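Structural characterization, general
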Amino acid sequence: MITYSTENVKMPAIRRRDTSAWIRRVAATYNKKVGEVGYLFCDDDHILDVNREYLGHDYYTDIITFDYCEGDTISGDLVISLDTVRSNAEQLGKAYDEELHRVIIHGILHLCGINDKGPGEREIMEAAEDRALAMR
């Protein structure tokens, strides 16, 4: 089950049923099933608090992914700052909706086993995001 909730922000204008079906299609391309996935859309203040409390990081970010995967079933909590998504979209010259969906699927790709911190991994993640966005 995929759930969507908010903290300190209005729910973004996403088509939840379509988004959930898209997430399942993307996961299936990695031979994964979707278990319990929870999205929490929030503001910068909340994601900073989460980043400090759970990861010991003192900075803003667009998404934090908590991975609870078991076997071929992906599960996790994904915390997304809509403030940072909006500012990133502006800085990159992208539409807010496109950047929001990129971040939504970025967390799923992490749960599918794709990393983006090591050498060359960022490019692999960006290519996977592009393929996933093309499936929307």
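To be clear, the structure that these remarks concern was listed above.
The paragraphs below set out a description of the structure included in this document. (Residues numbered from 1 in each chain as written. Predicted model: local features only at pLDDT ≥ 70, side-chain atom pairs only at ≥ 80, totals over all residues. Heavy atoms only, no water.)

Description of the packing of helix H4 (residues 96-111) against helix H5 (residues 121-134)
One can describe the packing of H4 onto H5 by two numbers: an axis separation of 9 Å at closest approach and a directional angle of 115°. At the point where H4 passes H5, the crossing takes the right-handed sense. Contacts between H4 and H5 involve Glu98, His101, Arg102, Ile105, His106, Leu109 and His110 on the former and, on the latter, Arg122, Met125, Glu126, Ala128, Glu129, Asp130, Ala132 and Leu133. The residue inventory of the contact of H4 with H5, partitioned by class, reads six nonpolar, three polar and six charged. (Axes fitted to C-alpha atoms, helices over the stretch in contact; angles between N-to-C directions. Helix = DSSP H or I, 4+ residues; strand = E, 2+ residues; numbered from the N terminus. Left-handed = near helix turned anticlockwise from the far one by under 90°. Contact = heavy atoms within 4.5 Å. Nonpolar A, V, L, I, M, F, W, Y, C, P; charged D, E, K, R; others polar.)

Examining the nonpolar core
Core analysis: the biggest nonpolar cluster contains 31 residues, and Ile23, Tyr39, Phe41, Ile80, Ile104 and Ile108 have the highest contact counts within it. For this core, the secondary structure elements donating two or more residues are strand S1 (2-7), helix H1 (16-29), strand S2 (33-42), strand S4 (73-81), helix H3 (82-92), H4 and H5. At seven residues, H4 tops the list of elements feeding residues into this core. In this view, Ile80 contacts Tyr39, Leu40, Phe41, Cys42, Ile47, Asp62, Ile63, Val85, Leu100, Val103 and Ile104; residues no more than four positions away in its chain are not counted. The next biggest cluster of nonpolar side chains, apart from the first, holds seven residues, and it includes Leu40, Cys42, Ile47 and Val50. (Core = buried A, V, L, I, M, F, W, Y, C linked by side-chain atoms within 4.5 Å. Buried < 20%, exposed > 50% of the residue type's maximum accessible area, 1.4 Å probe, protein only.)

Some points on the pairing of S4
Taken residue by residue, a regular strand's side chains alternate between the two faces of the sheet. Burial of S4 is extensive: seven of the nine residues sit out of reach of the surface. In this structure, S2 lies alongside S4, joined through eight bridges in parallel fashion. Within S4, the residue paired with Phe41 across the bridge is Ile80. Here strand S3 (residues 63-67) folds back onto S4, and the loop between the two strands holds five residues, one of which, Gly71, carries a positive phi near 60°. (Pairing = 2+ DSSP bridges.)

Description of the packing of aromatic side chains
If you walk through the whole model with that rule in mind, you get four aromatic pairs. When the centroid spacing of 6.1 Å and the interplanar angle of 10° are considered together, the rings of Tyr39 and Phe41 count as stacked. Judged on exposure class, the residue Tyr39 and its partner Phe41 are both buried. Each ring, one from Tyr54 and one from Phe66, has its centre 5.6 Å from the other, and the planes form 80°; the classification is edge-to-face. Taken together, the residues span a long stretch of sequence, with Tyr54 in helix H2 (residues 44-55) and Phe66 in strand S3 at a distance of 12 residues. In this structure an aromatic cluster arises from ring pairing among Tyr4, Tyr39 and Phe41. Above the plane of the ring of Tyr96 lies Arg86, whose end atom (NZ or CZ) is 3.9 Å from the centre. Positioned above the aromatic ring of Trp22, the side-chain terminus of Arg136 is 6.0 Å from the ring centre. (Phe/Tyr/Trp six-rings, centres within 6.5 Å; stacked < 30°, edge-to-face > 60°. Lys NZ or Arg CZ within 6 Å of the ring centre and 35° of its normal.)

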